[in-house]
Amino acid sequence: MRNKGFFWFLTILLAVICLYQISFTFVSNSVESKVAKEVDRELSGLKAEAAKTGDSINIDGVWVNFAKAEGLENARVALINQKLKEKADTKVYPVLGSTFSTVKKRSLAFGLDLVGGMSVTMEINIPELVKTYARSERDPKFKNVHAAAMKDYSQKGGDFIALFAKKHKELNAGVPLVSLFSQSDLEGLTSKSSDSEVIAFLKDRVKSSMNGIEEIINQRVNQFGVSQPNIQKDEQNNRLYVELPGVQDEKTVADQLQSTANLQFFETYRAQEIAGAFNEAITISTRPEAKDIEISEILNDSTETAVEDVLSLDDTATPGVKGLGDYFMPVDDVRLGFVTIENRGKVDQILAREDIKRLFPEDMKFMWSNDVEKLNKLTGYFLYAVKVPSNGKARVGGRDIEKAAPDINQNGVRTVTLKMTTEGAEKWALMTSENINKAIAITMDNLVFSAPNVMNAIQGGNTEITGNFSFEDATKLAGLLNGGALPAPCVIKEQTKVGPTVGAENTSASMLSFGISLVLIFAFMIFYYNKAGIVANIALILNILFIFGALASFSAVLTLAGIAGIVLTIAMAIDANVLIFERI
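Residues numbered from 1 in each chain as written. Predicted model: local features only at pLDDT ≥ 70, side-chain atom pairs only at ≥ 80, totals over all residues. Heavy atoms only, no water.

Enquirer: Any chance you could explain the overall build of the protein here in plain terms?
Expert: Within the protein, the regular secondary structure consists of 19 helices and 20 strands. The 584 residues of the protein split such that 42% are buried. For the protein, restricting intrachain contacts to residue pairs at least 6 apart in sequence, the fraction spanning at least 24 positions comes to 68%. By element, 54% of the accessible surface of the protein is carried by carbon and sulfur atoms, the whole surface being about 30900 Å². (Helix = DSSP H or I, 4+ residues; strand = E, 2+ residues; numbered from the N terminus. Buried < 20%, exposed > 50% of the residue type's maximum accessible area, 1.4 Å probe, protein only. Contact = heavy atoms within 4.5 Å. Areas by Shrake-Rupley, 256 points an atom, 1.4 Å probe, with all protein chains shown as cover.)

Quick look at the structure:
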């Protein structure tokens, strides 16, 4: 046979490449298995800790209630996600030294019928949609009506827009409904529009939003690389049903599905501006929450004291009780502090206390950094304080973005570049000119992607978002911004973890039968055809290896139907060998 050496070389090379690709799956599964066992040992202690605070606990930003039937499973999933996130930059491949995040991306994915997945029921958040059109969210006329309607809606359900209009008539008698909303956002309406016209406008917005939401959710699902996603629309109930097979990180996918992808640019508070309030918060956080007492106004301390000294622990802190200062590490004037991944939930709980919130300016809002960061070999998040205008809307936002694209700047750092519209460029130039030598936080969905310091006014409308982006991260963010902003805010009404359609036992039985059949075929080929049978078996093994290697290389998803196809391929290969050998 001519060129026999070349074909042996090619076969061995392909086999090595396929083994290399498949090895990532084994390493990934090994790490996940170890983490799952570690979490199972910790769950009982976590449940006991939650019992001290009413059976609820915050794990990596996810609230888990152990009193509910699904509480234990939700806690397990959240804790596994947290620990895997902590291992993202840990080298887990024994030979190549690849990190877990790299290994996971290159491992073979499995379909819903093999490893389960996620079923999500999404609904337009009509109360939030109404709020987006408000002239000012802090206006008592709007705020009181919205709160009253929300109370009835939470208890009885029904048509929120109708409830809102009803409460408006009760609480704001004689005041036109249109006066509560921003004229610039109410297309086709004027200051003289009747209440019925405003109600019709809002209901039309809800209906028209469904088509846009379905299209954008479909784009986002495609970004996850999910095989055969199923998306169904229910216009009557304003709901969208999404099934995602092969999903590994349920929390991340759920967050991105309901993310509005609304990019916003906010001014920020410096640490020294809120130092007095923060010191008081550190002290108060060591005591039980004071709900029924008045807290004296804390004047902003604008001294030039170093941030590390200003945000130090107060000497009056109650001994033995952990407070904000125990979890919080001061950083600099823009990044207020650093909190490790495991302590973020505890800090969220403290900052959500009413007696703590009353200490800070009304227009201030705390936001975390988007990505996990490192500080002094610790892994966690940075905390920022942003200034939110009285109407709740950023001066520059997603509507001002014409195009977003992944890029690399002159320093070799991967970024997402933004090109703004003509109007957006003018607003951005004005905003930057008013904040020279100050930081502007570039946020999306209440997370800070970057907070650059403005050196001078930025003209022309071109800017960039920097962060710890990989190529995939930058591309995904750009895609989310381009295709991306939901026409209405959404909320996940139901999220269930879908198990294998045939069950774990049936899957194991199928794999067992597959293995037994393979052994019997090998034995028959060797017994009946001797050396020729051995050659056929080797070719069959290589065939299976090439199939799995190709699946892993192309990031394909293996399903139960796929396994059936592989079995059929084996049968056809053996049939071909039998025909050839019988002819010989």
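Here the narrative resumes.
Enquirer: It is not clear to me how the nonpolar core should be interpreted in this structure. Could you clarify?
Expert: One broad rule of soluble globular proteins: the nonpolar side chains tend to lie buried together. The biggest cluster of nonpolar side chains holds 26 residues, and the ones touching the most others in it are Phe278, Leu324 and Phe360. If you list the elements that add at least two residues to this core, you get α10 (275-284), α12 (324-327), α13 (341-351), β10 (364-369) and β12 (378-387). Top element by residues in this core is α10. It accounts for five residues. Core analysis: the second largest hydrophobic core is formed by 23 residues, Leu129, Phe142, Phe181 and Leu202 among them. (Core = buried A, V, L, I, M, F, W, Y, C linked by side-chain atoms within 4.5 Å.)

Enquirer: Hey, could you run me through the packing of helix α18 (residues 531-553) against helix α19 (residues 560-583) in this one?
Expert: A packed helix pair is summarised by two numbers, namely the angle formed by the two axes and the spacing between the axes. Relative to each other, α18 and α19 sit at 150 degrees, their axes nearing to 11 Å. When the axes of α18 and α19 are compared, the pair comes out roughly antiparallel. Helix-helix and strand crossings are classified by hand; for α18 and α19 the assignment is right-handed. Contacts between α18 and α19 involve Ala532, Gly533, Ala536, Leu540, Asn543, Ile544, Ile547 and Phe548 on the former and, on the latter, Ile566, Thr569, Ile570, Ala573, Ile574, Asn577 and Phe581. (Axes fitted to C-alpha atoms, helices over the stretch in contact; angles between N-to-C directions. Parallel < 35°, antiparallel > 145°, perpendicular 65-115°, else oblique. Left-handed = near helix turned anticlockwise from the far one by under 90°.)

Enquirer: What is the right way to look at a nonpolar patch on the surface in this model?
Expert: Together, Phe6, Phe7, Phe9, Leu10, Leu13, Leu14 and Ile17 line one region of the surface with nonpolar side chains, adding up to about 640 Å² of accessible area. Residue classification places leucine 14 among the partly exposed positions, given a relative accessible area of 37%. (Patch = residues over 30% accessible without salt bridge, like charges linked within 9 Å, V, L, I, M, F, W, Y side chains within 5 Å. Salt bridge = Lys/Arg side-chain N within 4 Å of Asp/Glu carboxyl O.)

Enquirer: Looking at this model, I keep getting lost on α18. Mind explaining?
Expert: In an α-helix, one turn spans 3.6 residues; hence positions three or four apart end up facing the same way. In this model, α18 (23 residues) spans 33 Å end to end at C-alpha, consistent with the 33 Å of a helix rising 1.5 Å per residue. Those residues of α18 that fall on the buried side of the exposure criterion are Gly533, Ala536, Asn537, Leu540, Ile544, Leu545, Gly549, Leu551 and Ala552. Phi turns positive one or two residues past the end of α18, at serine 555, with a value near 55 degrees. (Expected span 1.5 Å × (residues − 1).)

Enquirer: Would you mind going over the packing of helix α6 (residues 140-156) against helix α7 (residues 160-171) with me for this structure?
Expert: The N-to-C vectors of α6 and α7 enclose an angle of 130 degrees; their axes lie 8 Å apart at closest approach. The pairing of α6 with α7 is recorded here as oblique in orientation. In this structure, the crossing between α6 and α7 has a hand that is right-handed. On the side of α6, the interface is formed by Phe142, Asn144, Val145, His146, Ala148, Ala149, Met150, Asp152 and Tyr153, while α7 contributes Phe160, Leu163, Phe164, Lys167, His168 and Leu171. Residue classes in the contact of α6 with α7 are distributed as ten nonpolar, three polar and two charged. (Nonpolar A, V, L, I, M, F, W, Y, C, P; charged D, E, K, R; others polar.)

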